[in-house]
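Here's the letter readout for the chains.
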Amino acid sequence: MAGPLEGRVVLDMSRVLAGPWAGQLLADLGARVIKIEHPGRGDDTRAWGPPWLEDAAGDPVAAAYYLCANRGKQSLAVDIAQPEGQALIRALANRADILIENFKVGGLKRYGLDHESLKAENPGLIGCSITGFGQDGPYAGRPGYDFMIQAMGGLMSLTGDPDGMPMKTGVAITDVMTGLYAAVGILAALDERSRTGLGRYIDVALLDVQVATLANQALNTLVSGRAPERHGNAHPNIVPYQAFACADGYLVLTVGNDAQFARLAKLLECPEWAQDPAYATNAARVANRGALVEKITLCLASRTRDEWLAAFEAHGVPAGPIHSVAEALEDVQVRHRGLVRRLERDGTDVPQVGNPLRFDGVSCTSESAPPTLGADSDAVLTEMGLLAEDIARLRDLGVVR
């Protein structure tokens, strides 16, 4: 089944996670994505192991980190520091629809590969630059990494126990969200180009994305004039909406409205809570959080996690188990939706987590496994019109791999 972006060509000159995540999403949607990598080292994440995917002989093939963000792409290994490499990229950009890069501000200009230079020859080219702090401002020249941005952008101040150290999230969520925002911007620019014929230059910054995705916590601050406190696994605006201990483990309760709370109160054999002015509304429950949470904690300690979860489901009270990553990947709903997938490359079974988008009931996950470094160099260069002897000469010069 052809994807919605069938026929679009993307040059992915990005590394690590945010840019490659955007490129992988476009590949899943059907675009041809050519990953441009340095011939010697490739994407940084190729070396970010263990764990490593191993072949049948037990030899390492690729770092798991690299495999999470490069499905569906071709790998062209080119040294853009050499004039011949720059000429190859310019020729590819003339044929491309989109170029994604995460070089430092001004980093591509010295090679003549910045958006202004490339669009002079291809006015329809859509450029997307992903940096830590954006193309302007006092921090523009700084490098930016997810962990640093979570700290600077306020997310860590919201995460962790109230009396503990501020914590980052267990996933590089700012990078992932930046990749998603980049893809949204690219798709909007493609839609506009269908009307104007002209491309756009998209400037996406990790810090901008982090601040924008503070969502309700940002507005809590702007409305109240006070910085939010950390609540651990509890919600700042909804009660009860947190983790609780049962007789043999933990679960989360996510009671989002007063009707759900009334059902919870009845199930816990305390129906009077739903009429008590201290607990009858969410605003009252937030104001009296401590007392109510203590009462619920005592109730839940009397039965096992699975007993409570079955009772909650039967009575329409939203709740769920706290799974490990391994348990989440084995969950029957996750398996039913086909999120755990296997792709094959060069005789090696490559595990993947599928794209969550479905079109007409069909997953748009690419069936092409993440490429080895330079795996598609010959094919791409041949398609560009280079002869075998030309490619061999460039390989001898170290321009391509």
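Heads up: these notes are all about the structure in this document.

Procedures and definitions
Residues numbered from 1 in each chain as written. Predicted model: local features only at pLDDT ≥ 70, side-chain atom pairs only at ≥ 80, totals over all residues. Heavy atoms only, no water. Pairing = 2+ DSSP bridges. Helix = DSSP H or I, 4+ residues; strand = E, 2+ residues; numbered from the N terminus. Axes fitted to C-alpha atoms, helices over the stretch in contact; angles between N-to-C directions. Phe/Tyr/Trp six-rings, centres within 6.5 Å; stacked < 30°, edge-to-face > 60°. Buried < 20%, exposed > 50% of the residue type's maximum accessible area, 1.4 Å probe, protein only. Contact = heavy atoms within 4.5 Å. 1 Å grid on protein atoms, 1.4 Å probe; cavity = no way out; pocket = protein on both sides within 12 Å on 5 of 7 lines; lining within 4 Å. Points joined across faces, edges and corners; volume = space filled by probe spheres on them. Nonpolar A, V, L, I, M, F, W, Y, C, P; charged D, E, K, R; others polar. Expected span 1.5 Å × (residues − 1). Arc of directions from axis to C-beta. Patch = residues over 30% accessible without salt bridge, like charges linked within 9 Å, V, L, I, M, F, W, Y side chains within 5 Å. Areas by Shrake-Rupley, 256 points an atom, 1.4 Å probe, with all protein chains shown as cover. Salt bridge = Lys/Arg side-chain N within 4 Å of Asp/Glu carboxyl O. Lys, Arg positive; Asp, Glu negative; His and termini not counted. Polar contact = N/O pair within 3.5 Å; in protein donor to acceptor, adjacent residues only side chain to side chain.

Side note on the sheet that holds strand 7 (residues 126-131)
Across the sheet, 6 strands lie side by side as 5-2-1-6-7-8; this open sheet has parallel pairing. Edge strands, defined here as strands with exactly one partner in the open sheet, are strand 5 (73-77) and strand 8 (201-205). Each strand of the sheet is rotated relative to its neighbour by a mean of 20°, with strand direction disregarded. Where strand 2 (residues 32-37) and strand 5 come together, 5 bridges link them in parallel fashion. For I36, the partnering residue across the bridge sits in strand 5 and is L76.

Re the packing of aromatic side chains
Going through the model one piece at a time under the given rule, you end up with 5 aromatic pairs. Residues W48 and Y65 carry aromatic rings whose centres are separated by 5.0 Å and whose planes lie at 85° to one another, so their mutual orientation is edge-to-face. One end of the pair, W48, is in the loop between strand 2 and strand 3 (52-54); the other, Y65, is in helix 2 (residues 64-67), with 17 residues separating them in the sequence. Taking relative accessible area as the criterion, W48 reaches 36% and is therefore assigned partly exposed. Among the residues examined, Y65 registers a relative accessible area of 28% and is labelled partly exposed. Plain terms: the ring middles of W308 and F312 are 5.6 Å apart, the flat faces sit at 20° to each other, and that makes the pair stacked.

Points about the sheet that holds strand 11 (residues 319-321)
In space, the 3 strands of this open sheet follow the order 9-10-11, with antiparallel pairing throughout. Strands with a single pairing partner mark the edges of an open sheet, and in this sheet they are strand 9 (241-245) and strand 11. Between one strand and the next, the sheet's axes are offset by a mean angle of 25°, whatever the strand orientation. The pairing of strand 9 with strand 10 (residues 250-254) spans 5 bridges and is classified as antiparallel. Counted as the bridge partner of A243 is V252 from strand 10. Its contacts with the sheet place helix 13 (residues 305-314) against strand 10 and strand 11, and it is angled at close to 25° to strand 10.

Concerning the layout of surface pockets
Of the volumes computed, that of the second largest pocket is approximately 590 Å³. Considering the residues around the second largest pocket, the lining is formed by 21 residues, among which L155, L158, T159, T169 and G232 are closest to the centre. Partitioned by chemical class, the residues of the lining of the second largest pocket number 7 nonpolar, 11 polar and 3 charged.

Let's talk about helix 12 (residues 289-300)
Look at helix 12: 16 Å from first C-alpha to last across 12 residues, which is about the 16 Å you get at 1.5 Å a residue. Of all the positions in helix 12, only R289, L292, V293, I296, C299 and L300 are classed as buried. On an axial view of helix 12, the arc spanned by its buried residues comes to 120°, and they lie on one face. Opposite the buried face of helix 12, by more than 90 degrees, sit the exposed residues G290, E294 and L298. The inward-facing, buried residues of helix 12 abut strand 9, strand 10, helix 10 (258-267), helix 11 (282-287) and helix 13.

Thoughts on the pairing of strand 7
One face of the sheet, then the other: side chains in a regular strand alternate in exactly this way. With 6 of 6 residues buried, strand 7 is to be regarded as a mostly interior element. Burial along strand 7 is two-sided: I126, C128 and I130 and G127, S129 and T131, pointing in opposite directions, are all buried. In the sheet, strand 6 (residues 98-101) pairs with strand 7 via 4 bridges, with the strands oriented parallel. In the strand pairing of strand 7, I98 is matched with I126. As judged from the 5 bridges shared by strand 7 and strand 8, these two strands associate in the parallel manner. Each bridged residue has a counterpart across the sheet, and for G127 the counterpart in strand 8 is Y201.

Quick look at a nonpolar patch on the surface
Taken together, the side chains of Y139, Y145, M148 and M152 define a hydrophobic patch exposed on the protein surface, amounting to about 370 Å² of accessible area. Looking at where Y145 falls in the secondary structure, it is placed in the loop between strand 7 and helix 5 (146-152).

With respect to unusual backbone geometry
Of note, the amide linkage connecting P50 to P51 takes the cis form, showing an omega dihedral of 5°. As for its position among the elements, P51 is in the loop between strand 2 and strand 3. Cis geometry is found at the peptide bond from V239 to P240, where omega equals -5°. Among the secondary structure elements, P240 is positioned in the loop between helix 9 (215-224) and strand 9. With a phi angle near 70°, V16 is a residue other than glycine that sits in the positive phi range.

Remarks on helix 3 (residues 83-95)
Compared with the 18 Å implied by 1.5 Å per residue over 13 residues, the 19 Å span of helix 3 between its first and last C-alpha is a close match. Where helix 3 is buried, its residues meet strand 1 (9-13), strand 2, strand 5, helix 4 (115-119), helix 16 (377-383) and helix 17 (388-396).

What about the side chain of D146?
Structurally, D146 can be placed in helix 5. For the buried D146, which has no salt bridge, the nearest side chain bearing the opposite charge is K168, at an N-O separation of 6.9 Å. Here the side chain of D146 touches T174 through a polar contact of 2.9 Å, landing on its backbone nitrogen. Separated by 2.9 Å, the side chain of D146 and the backbone nitrogen of D175 make a polar contact.

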